[in-house]
Amino acid sequence: MAVIIIPTRSDLDHYNFTIDLEGQTYGFTFRFNGRMKKWVFDLTTEDGNPIIESNPVYINQLPLRRYQTPLKPPGNLIFIDTSSSKLDPTQDDLGTRVLFMYIESSEVI
């Protein structure tokens, strides 16, 4: 499998989960920042070591690209707007209109 849809949700304003990406387990925490009116996420190793902290969710951007650490997954993360409206997720549509995807390293250019 080259692209994985990572399950996200908008019925909770703050939640976390772990997922296996290319043989390694990573932790994600998502929370809605009411002041910014934006979702943000943290990415950690399985042991809880931070890789990304409080990264705002923007569609069509690759948040891992700017981080130079061997701790990050080898592929890319991206948020995609399935409606083609080109809007970042609102408090109510992360995981429905906006999907979170992981592109495995074999597909990364």
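Just above, that's the structure.
Calculation rules
- Residues numbered from 1 in each chain as written.
- Predicted model: local features only at pLDDT ≥ 70, side-chain atom pairs only at ≥ 80, totals over all residues.
- Heavy atoms only, no water.
- Pairing = 2+ DSSP bridges.
- Helix = DSSP H or I, 4+ residues; strand = E, 2+ residues; numbered from the N terminus.
- Axes fitted to C-alpha atoms, helices over the stretch in contact; angles between N-to-C directions.
- Buried < 20%, exposed > 50% of the residue type's maximum accessible area, 1.4 Å probe, protein only.

Engineer: Looking at this model, I keep getting lost on the sheet that holds strand β5 (residues 50-56). Mind explaining?
Structural biologist: One key point about sheets: their strands pair by backbone hydrogen bonds, in either a parallel or an antiparallel sense. Pairing is antiparallel across the open sheet formed by four strands, whose spatial order is β2-β3-β4-β5. On the outer flanks of this sheet lie β2 (14-21) and β5, each paired with one strand and no other. For this sheet, the mean angle separating the axes of adjacent strands, direction not counted, is 15 degrees. The pairing of strand β3 (residues 24-33) with strand β4 (residues 38-45) spans eight bridges and is classified as antiparallel. Within β4, the position partnered with phenylalanine 30 by the bridge is phenylalanine 41.

Engineer: Looking at this model, I keep getting lost on the pairing of β4. Mind explaining?
Structural biologist: Regular strands show a simple pattern: their side chains alternate between the two faces of the sheet. By the criterion of burial, β4 is predominantly enclosed, with seven of the eight residues buried. The antiparallel pairing of β3 with β4 creates a hairpin that spans four residues between the two strands, and lysine 37 there sits at a positive phi of about 55 degrees. Note: β4 against β5, four bridges, orientation antiparallel. Considered in β5, the bridge of threonine 44 is made with proline 50. Hairpin connection, β4 to β5: the antiparallel pair is bridged by four residues, and glycine 48 has positive phi, about 95 degrees.

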